[in-house]
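# Architecture at a glance
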Amino acid sequence: MASQLLESVRQEIRLRQYSVRTEHSYLYWIRFYIRFHRLAHPAQLGDEEVRAFLSWLASERRVAANTQKVALNALNFLYRNVLEKPLGNLGFEMAHTGRYLPTVLTAEEVAKIFTLLQGIYSLIFPLLYGTGMRISECLRLRLQDLDYQRRTITIHDGKGKKDRMTLMPSSLSSLIYKQQAIALQQHDFDLSNGVGPSLPMALSRKYPTAWQKPGWMFLFPSTTLCNHPHSGVLCRHHLHQTACRKALKQAVATLPQLHKRVSCHTFRHSFASQLLASDYDIRTVQELLGHSDVRTTQIYTHLLGQHFSGVVSPLDRGLG
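A brief structural summary. (Residues numbered from 1 in each chain as written. Predicted model: local features only at pLDDT ≥ 70, side-chain atom pairs only at ≥ 80, totals over all residues. Heavy atoms only, no water.)

## Digging into the packing of aromatic side chains
Threshold: Note on ring pairs: Phe, Tyr and Trp rings are taken, using the six-membered ring of Trp, and paired if centres are within 6.5 Å. Classes follow the plane angle, with under 30 degrees stacked, over 60 edge-to-face and the rest tilted. Numbering of helices and strands runs from the N terminus, with a helix taken as a DSSP run of H or I at least four residues long and a strand as a DSSP run of E at least two residues long. Using a 1.4 Å probe on the protein chains alone, a residue whose accessible area is under 20% of its type maximum counts as buried, one over 50% counts as exposed, and one in between counts as partly exposed.
Enumeration over the complete set of coordinates arrives at 17 aromatic pairs. Taking 5.5 Å as the distance between ring centres and 0° as the angle between the ring planes, the aromatic pair formed by Trp 29 and Phe 32 counts as stacked. In this pair, Trp 29 and Phe 32 both sit in helix H2 (residues 20–36), three residues apart, roughly one turn of the helix. A relative accessible area of 8% means that Trp 29 is categorised as buried. Taking relative accessible area as the criterion, Phe 32 reaches 10% and is therefore assigned buried.

## Topic: the environment of Leu 199
For Leu 199, the position within the fold is in the loop between helix H8 (173–192) and helix H9 (201–206). Classification of Leu 199 by relative accessible area gives buried; the value is 8%. Sequence-wise, Leu 199 and Trp 216 are 17 residues apart; in three dimensions their C-alpha atoms are separated by 8.0 Å.

## Comments concerning the sheet that holds strand E2 (residues 152–155)
Pairing between the strands of a sheet is mediated by backbone hydrogen bonds and can be parallel or antiparallel. Condition: Strands are treated as partners if at least two bridges between them are detected by DSSP.
One open sheet holds the three strands; their spatial order is E1-E2-E3, and the pairing between them is antiparallel. Two strands close off the open sheet at either side, each with one partner strand: strand E1 (146–147) and strand E3 (164–167). Of the strand pairs in this sheet, E2 and E3 are connected by four bridges, and their pairing is antiparallel. Its bridge partner being in E3, Thr 154 is matched across the sheet by Met 165.

## Brief notes about the nonpolar core
Here is a general trend for soluble globular proteins: nonpolar side chains tend to be buried in one another's company. Using the following cut-off: Definition of nonpolar core: a set of buried residues of the types Ala, Val, Leu, Ile, Met, Phe, Trp, Tyr and Cys, connected through side-chain atoms within 4.5 Å. Residues are treated as being in contact if the distance between any of their heavy atoms lies within 4.5 Å.
Core analysis: the biggest nonpolar cluster contains 37 residues, and Ile 113, Ile 124, Phe 125, Leu 127 and Phe 220 have the highest contact counts within it. Only helix H5 (107–116), helix H6 (121–131), helix H7 (135–139), E2, H8, helix H10 (241–253) and helix H11 (264–277) provide two or more residues apiece to this core. For this core, the element with the most residues is H6, which contributes six residues. Beyond its immediate chain neighbours, meaning those up to four positions away, Leu 127 contacts Gly 132, Met 133, Cys 138, Ile 153, Leu 172, Ile 176 and Phe 220. Of all hydrophobic cores here, the second largest spans 27 residues; its members include Val 50, Leu 72, Leu 75 and Phe 77.

Spelled out as structure tokens, the structure:
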């Protein structure tokens, strides 16, 4: 019974063209919810059981506020779109996320990390720092997204399913071009074996031969083939984020003097803070990052101390 329900959820998610990551996340929390209520069918449960589950996550599991919200979104999707029994007012106040100041790196710290990266990672992380892309956006880049003449990179289906453009660093253009040649060579080899890059299902149906076009090849292709998660067709996906995180972790571990918590997203934060420190307009930075609300971009002004408006510490004014 549960497997049939989960399959229905999966079909509804794919019908709405949600990402694979969202699909996995929603299915995880729905399974968790069913197990929490001792395998009872969700149709037999309701607002009270959902409220109990969310409260347990907060009080016993002590999950982060955003994690709790993802669980609620999954259950909302289940009841509204699959069971057609929308949840009512749960009388439950979600945990609020406090203001979070992201970690940023200085130019010197970035340079030290870059000297320790090897192979394809010596291009990926400079791209994150030089463009402000998220790691997922960088790895999903296809060859047709690169415009060497205009020095731009087009990012498709970013967060919130938005497209945007960012700049292509001139210092990386030759390295990007070399990586493009490697990707094209891989594409030619795959074509000779009847394999191509993975494509969105709707696109592959509309353009059945699109996988043969070089423009659809990923800039950072995976080293192995896999079956498409929806169609099951053998294809080549892009490099996985896990490999990038592992490479970064190993590089940072060799810098004992660096005590900051560094992740792939740290380079995006550093990109934004460096631009604002160089007096670029905040609206321009907002557009490059793809933020819907300028208030999201303004968080970086706190990192620079710009919100203090030139206030000087009393200690620095002297005690005498």
